[in-house]
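Coordinate inspection notes
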Amino acid sequence: MTATSIALFNNKGGVGKTTLAYHLAHMISRFGLSVLAVDLDPQANLTSMCLDENEIEDLWSHPSELIAQGAAAATLPGMGRVREDRTVADAVRPILEGTGDVALVEPVSLKPGLWLLPGSLDLSRFEDKLSNEWFKSFAGDVAAIRTTTAFHRMIEHAAAAVDADIVLIDVGPNLGAINRAALIAADSVLMPLAADLFSLKGLSNLGPTLREWRRNWQHVVLPQVPPGISAPPARMTPLGYVIMQPEMRLDRPVKAYGRWLERIPWVYSAAVLDDPDPSRNDDQYRIATLRNYRSLMPLAHDARKPMFELKAADGALGSTQKYVQTCYREFRELAENVLRLAEVRKKAEGTAG
């Protein structure tokens, strides 16, 4: 079975995109599906949510440093060599340094049915390389095509290695070359939004850009890809959007929130879906509205688990436990809707429990 890939993307930062990706990955895994989370944001925030600092330090350390420290974790099981390729930045390093093709990184197991392709701050070095090779790929330059498809082939290998049903790709909040290569590798795009001017402006920029990337890839580059190189179809189908409610403040009245919220369906239909008559669309593309769970985040961070898995032992007592149950219901409904829209078949009949 080929994995279905979904990129979580908004070119406005600070809307809770990585938190959404983390919790959605954990919730979907509860449905008996194999989930691969991929951190393609050079800030590596998803990785920092999934792993503790010691694990991240190990991943980001150069092999020579690990040898000097005598770190057994750097050695692959059953093999007498140091593991060199452990993050997405390690995967593209041979391309960046001109020494070879993309390295195939093995995912890190977070729990049964859930894996992570770890991110790295070093991934930002790949931005200029991807930018330079994009237009070269229009002319059929094979090296440029290999560079542009590196993320797709890395994800394809990792998904096959863990028999993933669904791949969730977390990307940074911009329209740069790294995100272009990441989104081209996605079957669909899920957009977390805040009800404010900046999210609406981001939507108006995002829609035309996605269509341009899709058109250039499908009609110019894809027909020139050599048979030996696996290349994505660059569907990037808009899946819908999730409203991330803000923490209400005295300087941001509810009335202002409602005003921006009312505009989102129109802007989404016009800019993202290119609907010639967006006025006839209601809010049918809103997948869910998630309330602000800021009070649960510190507990979840300390317990290193999703907010909806917090127990009394983690400090979720009394009314807080009821809030955890509400969080669980909202993310479960969100996961069900995402799976339905993405047309992902369950391997197990059971529901999230």
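Residues numbered from 1 in each chain as written. Predicted model: local features only at pLDDT ≥ 70, side-chain atom pairs only at ≥ 80, totals over all residues. Heavy atoms only, no water.

What follows deals with the sheet that holds strand 5 (residues 166–171). Taken in spatial order, the eight strands make up an open sheet running 3-4-2-5-1-6-7-8, and their pairing is mixed. Only two strands of the sheet have a single partner each, and these edge strands are strand 3 (108–111) and strand 8 (286–290). The mean angle between the axes of side-by-side strands here comes to 25°, regardless of whether they run parallel or antiparallel. Across three bridges, strand 1 (residues 4–8) lies against strand 6 (residues 188–193) in parallel orientation. (Pairing = 2+ DSSP bridges. Helix = DSSP H or I, 4+ residues; strand = E, 2+ residues; numbered from the N terminus. Axes fitted to C-alpha atoms, helices over the stretch in contact; angles between N-to-C directions.)

Time to look at the side chain of Ser5. By the secondary structure assignment, Ser5 is in strand 1. You can call Ser5 buried: its relative accessible area is 6%. Apart from the residues within four sequence positions on either side, Ser5 is in contact with Val167, Ile169, Ala185, Ala186, Asp187 and Ser188. (Buried < 20%, exposed > 50% of the residue type's maximum accessible area, 1.4 Å probe, protein only. Contact = heavy atoms within 4.5 Å.)

Let's shift gears to helix 8 (residues 150–161). Look at helix 8: 17 Å from first C-alpha to last across 12 residues, which is about the 16 Å you get at 1.5 Å a residue. Here helix 8 has its buried residues at Ala150, Phe151, His152, Arg153, Met154, Ile155, Ala158 and Ala159. At the exit of helix 8 stands Asp163, carrying a positive phi of roughly 55°. (Expected span 1.5 Å × (residues − 1).)

Moving on, we get to the packing of aromatic side chains. Applying the stated criterion across every chain, the model contains nine aromatic pairs. With a centroid separation of 5.3 Å and 75° between ring planes, the pair formed by Phe135 and Phe138 is classed as edge-to-face. With Phe135 and Phe138 both in helix 6 (residues 126–138) and three residues apart, this pair spans about one turn of that helix. We classify Phe138 as partly exposed; its relative accessible area is 23%. Note on Phe308 and Tyr328: the rings are 6.3 Å apart at their centroids and 75° apart in plane angle, and the pair reads as edge-to-face. With Phe308 in the loop between helix 12 (297–303) and helix 13 (319–342) and Tyr328 in helix 13, the pair connects residues that are 20 residues apart, well separated along the chain. Take Phe308: its relative accessible area is 6%, and that puts it in the buried class. (Phe/Tyr/Trp six-rings, centres within 6.5 Å; stacked < 30°, edge-to-face > 60°.)

This brings us to the environment of Arg259. By the secondary structure assignment, Arg259 is in helix 11 (residues 254–272). Taking relative accessible area as the criterion, Arg259 reaches 41% and is therefore assigned partly exposed. Arg259 sits 64 residues away from Ala195 along the chain, and the two C-alpha atoms are 8.2 Å apart.

Right, let's talk about the confidence of the model for the protein for a bit. The share of residues in the protein with pLDDT of 70 or more is 87%, and the mean pLDDT across the chain is 87. Note that pLDDT drops below 50 for residues 64–69; the model gives that stretch six contacts with residues more than four away or on any other chain. For residues 71–83, every residue scores under 50 in pLDDT, and the model assigns this stretch 14 contacts once sequence neighbours within four places are set aside. (pLDDT = per-residue confidence, 0-100.)

Most of strand 7 (residues 237–244) is tucked away: six of the eight residues are buried. Sheet analysis places strand 6 next to strand 7, joined by six bridges and oriented parallel. Counted as the bridge partner of Leu193 is Ile243 from strand 7. In this view, the connection linking strand 6 to its parallel neighbour strand 7 by way of helix 10 (residues 197–221) has right-handed handedness. (Right-handed = clockwise from strand over helix to strand, strands pointing away.)

For helix 9 (residues 177–184), a buried count of eight out of eight residues is recorded, marking the element as mostly surrounded by other parts of the structure. Those residues of helix 9 not exposed but buried are Ala177, Ile178, Asn179, Arg180, Ala181, Ala182, Leu183 and Ile184.

Quick look at the environment of Leu24 now. Along the chain, Leu24 turns up in helix 1 (residues 17–29). When residues no more than four places from it in sequence are discounted, the contact partners of Leu24 are Leu168, Leu190, Leu334, Ala335 and Val338.

Helix-helix packing is characterised by the crossing angle of the two axes and by the distance between the axes. Remark: helix 1 packs on helix 13, axes separated minimally by 9 Å, with the N-to-C direction vectors making an angle of 80°. It follows from the interaxial angle that helix 1 and helix 13 lie roughly perpendicular. Contacts between helix 1 and helix 13 pair Leu20, His23, Leu24, Met27 and Ile28 from the former with Tyr328, Phe331, Arg332, Leu334, Ala335, Val338 and Leu339 from the latter. (Parallel < 35°, antiparallel > 145°, perpendicular 65-115°, else oblique.)

Before going further, it helps to examine the nonpolar core. By size, the foremost hydrophobic cluster in this structure holds 63 residues, and its most contacted members are Leu36, Leu40, Leu123, Phe151, Met154, Ile169 and Met191. With eight residues, the top contributor of residues to this core is helix 11. Not counting residues up to four positions away in its chain, the partners in contact with Met154 are Leu40, Val88, Ala91, Val102, Leu104 and Leu117. By size, the runner-up hydrophobic cluster in this structure holds 38 residues, among which are Leu24, Leu114, Val242 and Leu290. (Core = buried A, V, L, I, M, F, W, Y, C linked by side-chain atoms within 4.5 Å.)

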